[in-house]
Amino acid sequence: MEEIKDKSIHHTALRLCEDLKQNPTYKGLYTDVQKLVSSSNVKYEDFKESLSKSMKENGLEAELRNNVYHWVRSQNKDNLCYASFDSFFKKAQIQWEKRIHKSLNSMCSELGIHLARIRFTQDREELIEKWGELSNYDVDINKYRPVYSPKDFLEVLLNLKGPNYKHRGEEPTWDFSHIPIKVKDLSELRTLYSELSHGEAVMGMNTSRYMSSSYAAFEAERIALGERVVLSNHAPVAQEYLKKGCPPCLRKKMWTLVLGSEVKETHYHYYEKLKTHVLQYDLMVDKLIIKDIHLTASNDDQYFVFEDVLHQILLCFSRDAEILKQLSNKPGYMQVVLKGKPSTPENTLIFPPSGVIPFHGFTMYAAPFCYLFDDSVALYFTVRAFYLRYWFRLHRVCGHSQGILCLCLLFERLLQCYDPVLWHHFKKIHIPPIRVVFKWIMRAFSGHLPPEQLLYLWDLVLAYDSLEAIPLLAVVILIFRRDNLLRVTTLQNIEAVLADLSSIAVMSMLQMALSKE
Amino acid sequence: MRVTFCTDLDKNVVVANCEKRGWIQVGPEDDWNIYWAGTLTCRSLFSVDSGYRMNDNQIINHFPNHYEISRKDLLVKNIKRYRRDLEKEGNVLAERGDSKYLHLDFIPVTFVLPADYNMFVEEYRKAPQSTWIMKPCGRSQGSGIFLINKLSKLKRWSREANKNPLQPQLAKESYVISRYIDNPLLIGGKKFDLRLYVLVTSFRPLKAYQFRLGFCRFCTVKYDSSVAELDNMYVHLTNVSVQKHGEEYNALHGGKLSVQNLRLHLESTRGKEVTERLFDQISWLIIHSLKAVQPVIATDRHCFECYGYDIIIDNKLKPWLIEVNASPSLTSTTANDRILKHKLLDNIFNIVVPPSGYPDVRWNKIVSTEALGDFELLIDEDILNHGNHDDTASLDRHSNRSANFYRWK
Ligand SMILES: Nc1ncnc2c1ncn2[C@@H]1O[C@H](COP(=O)(O)OP(=O)(O)O)[C@@H](O)[C@H]1O
Ligand SMILES: [Mg+2]
C-alpha cells in the first residue's frame, strides 16, 4: 500500500516536473536557482539543506510553491460532475459551434469579405500608427452584427433536450428542471462560503453614506494584513485573504498572485508577437471585436475611458493560440485558408487562433480589469488567466458545476426555495425568471454592477474558486426587489424594476443571504 | 404654512425638486420663500434701486457679490491677497520654500491682462518654453480661450484686438493669463478635469459642504502637448460645452466619469495613501479658496450658494484650482447626470431649509448628519469655535479632518 502511494507520488512529481518545464517562466526560475547554487550560501557538503534554506530566504521557494499550486489547480479543471451526460453536452456544444461558424460564414458571404487574409500594407500602417488610439481606427463596422447575444444563447440552452427530457404539454420550455444535474443547496452554499455566512466583518460594507471610523479602522487593518500577504508571495494565502474582500489598493497584486499571472520579460515578448499577428493578418473577428467594444464599453460611462486599451488587448486575445490549447474540451475551431493563397498548410490558419468567437458583450469580461492596471501587458495576462479559469464556461454548453447551465439551475433552485411566492408570481405571468437574470449571469454582472461592487464579487470568485456567488447574488437581488416585482406583470416592467443596480451592496447582500437567521 | 418657491430658470430639475416637496411655485412679485435665480436676477434684486427687502422667511441661492470668487481675475486677486495677509501675520500656512508657497500653491501662476502685462513678461522670461492660457475674465464655457507659447503671439493678438473696429469690446475685455498645466493626469491618454460641487450656507462664520458625487469631464481627443495641437480645443479644454461639438463626442456617457470611479482607479493603480492625500488636498484648496473671499463677500443671512469647482489633477497627483462657477450647469447630458443633479438639488434643499421645513434665517444653520445626504461637512466655524461636536454632522472622520486643517492655527 505504502509502496503504491510512493509510486503515485513519484509519478505525479514526474508529471509535475515535465509540465513545469513547459511553463514560459520556467527558464527564468531555473536560472535563478542555478545562480543560487553557485553562490557561497549553498554548500556542497550540505547541498539539499543549504539550498532549500537559501531558496526560502530569497523567495524562490515561494515561487516554486506557487508554481505547484497553479499546476494543481490546472489539473482538476475537468472534473465533470456528471460524466454520464458528458457526451450529450459535448454533442450539443458541437452543434452550437457549428451554428456559430455557419453564421460567421454567411455573414462573410453577405458582406463579400473573407474570414482571413493578409492585411493590406496601408491598413497595417494605419493600425501601427493608431495602435494607441484604436477607437479612431478607421474601419467600417456598420454592417457587422454580433454573432449572437446572451438571449440567443439562452434559447439554445433552454432548448436542450436532456437525455431524460419529457415533453410537457403546450408550455414552451420554462426552466432547466429537466436537466438532471445536482446543484448545491443553500446549506451547501453556506458551507462553501462559510466566512460570509458567519457574518464576520468583510470589505465593502461602507455603503452607508458615512465612512464610519470603525470601517476605516477595519480597512486599515485589512490593508496591513494584505501587505504582509503580498510580501509573503504565497498564492494560497492570497486566495484565503480574498475571502473577506480585497481593498482596492491591493487587488491587482492579490489577483495576479492567485492567478499566477505576474508578467516577466517573456510575457512582453509574447504579447508583442500577438500584436505582430494582428498587424499581419486581417481577420474577420477583428471587426466583430471592434464592433462589440463600440456597442458596449465605448458607450458606457463606467468604461469609455478604457476603450483604446480594450481594443488592444482583445485583438491580441483573438490571436493567442495558447488559449485554444489551454481550454479543456477544446472548442471546435475553423481552419481557413488565407484569401487568394493556395490551400497549403502554411496558408492555413486556425480561425481565430484563440478559438474564441466573441458574442455581444464579450468585451465586458475584460473591461472591469482596466480599473486595476495601467500596463496593458499586465492587464492582458490577468484577463486571459481569468477567462481561462472562469469566463469561458459562461458561453459554452457543458455540464460542469461551474458552467452556465449549472449556474442557471442553481439560480432557479435557490429562487424556488428562498421565495416560492415570487417564483409563482413569475410562473403566473409566464415569464421565466431566468430570462430576466441570464445576462447578469452570462456576463458575471459586468456592466450591470458599478465597478467597485463588481470587483468585490469577483474577489469572491477567486477566493472560493467558484462562480456560484453569481447566481446567488441574482436571487438576492430579485428578493430585495420582490415587492416591486410582485406588483408588475410584463417583462418590460420587470426589467425596469431591475435595470438600476447602482445601489446594490454585494458583500452585505450575500452575507445576509448566507447567514442563518 | 405652505412653502413657496420662485425660479427664473426653466430647469426642470429645480422645479421638480421643489414640487416634490409640496412647495408652491409663485412669481417673483409674489410672496416667495425660496428663490432659485440666475446671477443677473439676483444682482438686480440686491441692487439698491430695486428697494427689495427680504424678510426672515426668505432665502436665495446667490450671495450678492459672488463674483469675488466666480470671476477669474477676482478669484486670483483674492487668493493672492489672502496669502499676503497670512504671510504678514507670520502664519505658517503661508510658509514659503524656494519662493513658492508650500501649502497655498494651488492655483497656476496667473496675471490679469492688460493690467499686469509687465509682471507677466517678467515671469514669462523666466521660462520662455512654457505654454500659457488666455481666458476672458467674465466669460464661461470655454468661450474666448486660447493657448500661447510665444510672446509674439500675444502681441499680435493684442494688436489685432485693438484694431478690430467690429469688435471694440474685445479691446476692453480683460483677460487672465495662467501658466498652462501641461502635465495633466491622463486616463486612457485623455485630459480631464473635475467638476465638484460645494455648498456654502454662510461665509462669516464659514459653513461649507462638499458634494461626494462629482464627475470628471474628459476631452474627446487624445492629449498632445505639441505645438501643432495648440489650437485644438478638443485636446485642451474639458468643458462639455466645447467637447460636445467634437466629432468623437458620445452623448450616452457625455465624457463624464464619476469621481467614485476615478477614485477606484487611482486607489487600484497608485495606492490608497496617495489617493487619499489627493482628495484631502482638494478639500484643503476648496476651504482656502473660500477663506480667501470670506472677508470680501457681503454677509447676508438670506443667501446660500452652490459652487461648481473646476479642478485639474496633474500627473504628480497634485490638484490645481482652475475656477469657481457660481451657476454651475444644471443641464443633464446623460441619464446618470440627471440622477446626480436631482440628488444635488435635493440635498441642497435639505441643508438650507431648517428641520421645521420652513425657511428661516434666524436658524443657527447647524445641520444634522441625516440631513447631509451626499454632502460632507467641509468646515463649520461655529462648530470649530465652540467645540460643539455633539449631535452634528462633524462626527467621524470629518472632525479629524477639519482638525487637521487647523493644526497650525
Ligand atoms: N491653467 C490651465 N491649465 C490647463 N488647463 C486649463 C487651465 N485653465 C483652464 N484650463 C482648461 O480650460 C477649461 C476652461 O477653463 P475655465 O477657467 O474653467 O474657463 P470657463 O469659464 O470657460 O470654463 C478648463 O476646464 C480646463 O480644461
Ligand atoms: Mg470652467
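Residues numbered from 1 in each chain as written. Chains lettered and ligands numbered in written order. Predicted model: local features only at pLDDT ≥ 70, side-chain atom pairs only at ≥ 80, totals over all residues. Heavy atoms only, no water.

The condition that has to hold: UniProt positions are given in the numbering used here, feature names are shortened, and annotations may be inferred rather than shown by experiment.
Per an unreviewed UniProt entry, chain B is named Polyglutamylase complex subunit TTLL1, and its organism is Ignelater luminosus. Quoted straight from UniProt, the Subunit (unreviewed entry) entry for chain B says "Part of the neuronal tubulin polyglutamylase complex which contains TPGS1, TPGS2, TTLL1, LRRC49 and NICN1. Interacts with PCM1, CSTPP1 and LRRC49." Here chain B is described in UniProt, under the heading Sequence similarities (unreviewed entry), as follows: "Belongs to the tubulin polyglutamylase family."

For chain A, an unreviewed UniProt entry supplies the name Rab-GAP TBC domain-containing protein and the organism Ignelater luminosus.

Let's talk about the overall build of chain B
Inclusion rule: In this text, helices come from DSSP runs of H or I with a minimum length of four residues, and strands from runs of E with a minimum of two, each type numbered from the N-terminal end. Computation of the radius of gyration draws on C-alpha atoms alone. For the globule rule, the value is 2.2 Å times the number of residues to the power 0.38. The rule is simple: take the accessible area with a 1.4 Å probe, protein chains only, and divide by the maximum for that residue type; under 20% is buried, over 50% is exposed, in between is partly exposed. We call two residues in contact whenever any of their non-hydrogen atoms come within 4.5 Å of each other. When charges are counted, neither His nor the chain ends are considered; positive counts come from Lys and Arg and negative counts from Asp and Glu. For charged residues, the charge sits on one atom: NZ in Lys, CZ in Arg, CG in Asp, CD in Glu.
Of regular secondary structure, chain B possesses 15 helices and 18 strands. Taken over C-alpha atoms, the radius of gyration comes to 22 Å for chain B, in line with the 22 Å a tight globule of 409 residues would show. Principal axes of the C-alpha set define a box for chain B whose edges measure 65 × 50 × 45 Å. Counting the 409 residues in chain B, one finds 57% classified as buried. Here the contacts in chain B between residues at least 6 apart in sequence split such that 68% fall between residues at least 24 apart. Within chain B, the 49 negative side-chain charges are centred at a point lying 5 Å from the centre of the 55 positive side-chain charges.

Looking at the site of ligand 1
Residues and elements named next belong to chain B. The test is simple: Being near a molecule or strand, for a residue, means having at least one of its heavy atoms within 4 Å of it. Definition of a polar contact: a pair of N or O atoms within 3.5 Å, with one able to donate and the other able to accept a hydrogen when the atoms are protein atoms, and with sequence-neighbouring residues admitted only if both atoms are side-chain atoms. Using a 1.4 Å probe, the Shrake-Rupley method yields the accessible areas, and only the shown protein chains count as cover for residues. All amino acids are sorted into three groups, where Ala, Val, Leu, Ile, Met, Phe, Trp, Tyr, Cys and Pro are nonpolar, Asp, Glu, Lys and Arg are charged, and the leftover types, Gly among them, are polar.
If you check the shell around ligand 1, you find 24 residues, and the closest are K72, G142, T238, N239 and E323. R179 places a main-chain nitrogen or oxygen 3.0 Å from a nitrogen atom of ligand 1. In the complex, 99% of the free accessible area of ligand 1, which totals 540 Å², lies under the protein chains. At the level of elements, β8 (132–136), β10 (175–179), β12 (190–202), β16 (305–313) and β17 (319–325) are the ones that each hand at least two residues to the shell around ligand 1. In the shell around ligand 1, the residues fall into eight nonpolar, seven polar and nine charged.

Section: the sheet that holds strand β2 (residues 24–25) of chain B
As a reminder, the rule being used: Strands are labelled as partners when DSSP assigns at least two bridges between them.
Pairing in this open sheet of four strands is parallel, and the strands run β2-β1-β3-β4 (chain B) from one edge to the other. Looking at the sheet topology across the chains shown, the edges are occupied by β2 and β4 (59–60) of chain B.

Focus: the coordination of the magnesium ion (ligand 2)
Residue and element names in this part refer to chain B. How we decide: Ligating atoms shown are N, O and S within 2.8 Å of the metal, or 3.2 Å for Na, K and Ca, and water is not included, meaning a site may look less than complete.
In the first shell of the magnesium ion (ligand 2), the protein supplies D310 (OD) and E323 (OE), at 2.1 Å from the metal. Of this pair, D310 sits in strand β16 while E323 sits in strand β17, placing them 13 residues apart in sequence. Owing to a relative accessible area of 8%, E323 belongs among the buried residues under this scheme.

Re a positive patch on the surface
Residues and elements named next belong to chain B. Operational definition: For patch building, the residue pool is restricted to those with more than 30% relative accessible area and no salt bridge; the joining distance is 9 Å between like charges and 5 Å between nonpolar side chains (Val, Leu, Ile, Met, Phe, Trp, Tyr). When a carboxyl oxygen of Asp or Glu lies within 4 Å of a side-chain nitrogen of Lys or Arg, that pair is called a salt bridge.
Taken together, the side chains of R125, K150, K155, R156 and R159 define a basic patch exposed on the protein surface. Looking at which element gives the most residues to the positive patch, the answer is helix α6 (residues 151–163), with three residues. Its place among the elements puts R159 in helix α6.

Some thoughts on the interface of chain B and chain A
Put simply, an interface is often sized by how much accessible area is lost when its parts join up. The criterion, for reference: Accessible area, probed at 1.4 Å, shrinks when two parts are joined; the buried area is that loss added up over both.
Tallying the contact residues gives 29 residues for chain B and 31 residues for chain A. Note on chain B versus chain A: buried area summed over both sides is about 2600 Å², and carbon and sulfur give 53% of it. Run the count over chain B and chain A and you get two salt bridges. Across the pair D308 of chain A and K222 of chain B runs a salt bridge whose closest N-O atoms are separated by 2.9 Å. Between the two partners, chain B and chain A, sit ten residue pairs in polar contact (both at pLDDT 80 or more). Every element with two or more residues in the side of chain B that touches chain A is listed here: β15 (256–258), α10 (259–270) and α13 (369–372) of chain B.

Overview of the environment of C137 of chain B
Residues and elements named next belong to chain B. Structurally, C137 can be placed in the loop between β8 and β9 (146–148). Of the residues examined, C137 reaches a relative accessible area of 2% and is grouped as buried. Along the primary structure C137 and D360 are separated by 223 residues, whereas in three dimensions their C-alpha atoms are 35 Å apart. Excluding its chain neighbours within four sequence positions, the residues that come into contact with C137 are R71, K72, D73, S174, Y175 and V176.

Observations regarding the pattern of salt bridges
A pair can form between side chains of opposite charge whenever their charged atoms are brought close. Residue and element names in this part refer to chain A. Counted according to the given criterion, the structure contains 52 salt bridges over all chains. Residues E322 and K325 are paired through a salt bridge, measuring 3.6 Å at the closest nitrogen-oxygen approach. Taken together, the residues E322 and K325, both in helix α16 (residues 321–326) and three residues apart, mark about one turn of the helix. Relative accessible area serves as the criterion here: at 23%, E322 is assigned to the partly exposed category.

Considering the confidence of the model for chain B
Residues and elements named next belong to chain B. Rules: Scored from 0 to 100, pLDDT reflects the predictor's confidence in each residue.
Averaged over every residue, the pLDDT of chain B is 89; the share at 70 or more is 92%. Averaged pLDDT values for the elements of chain B fall to 41 in helix α15 (residues 397–405) and rise to 98 in β16. Predicted confidence is poor over residues 389–409, with pLDDT under 50, and the contacts of this stretch with residues over four places away or in other chains come to 44 contacts. Scored as a complex, the prediction yields pTM 0.93 and ipTM 0.92.

Examining the pairing of strand β18 (residues 375–380) of chain B
All names here are of chain B. Counting buried positions over the six residues of β18 gives five, a clear majority of the element. Across five bridges, strand β13 (residues 207–211) lies against β18 in antiparallel orientation. Across the sheet, Y209 pairs through a bridge with L377, a residue of β18.

As for the packing of aromatic side chains
Counted only if it meets this: When two rings of Phe, Tyr or Trp (its six-membered ring) have centres within 6.5 Å they constitute a pair, described as stacked for plane angles under 30 degrees, edge-to-face for angles over 60, and tilted for the intermediate range. The rule for a charge over a ring is simple: NZ of Lys or CZ of Arg within 6 Å of the ring centre, and within 35 degrees of the ring normal.
Evaluation of the coordinates by the stated rule reveals 53 aromatic pairs over all chains. For the ring pair Y380 of chain A and F381 of chain A, a centre distance of 5.1 Å and an interplane angle of 90° mean the geometry is edge-to-face. The interplanar angle of 65° and the centroid separation of 6.2 Å between the aromatic rings of F111 of chain B and F120 of chain B together place this pair among those described as edge-to-face. If you follow R96 of chain B out to its NZ or CZ, it ends over the ring of Y101 of chain B, 4.3 Å from the centre. Looking at R263 of chain B, its charged tip hangs above the ring of F279 of chain B, at a distance of 4.5 Å from the centre.

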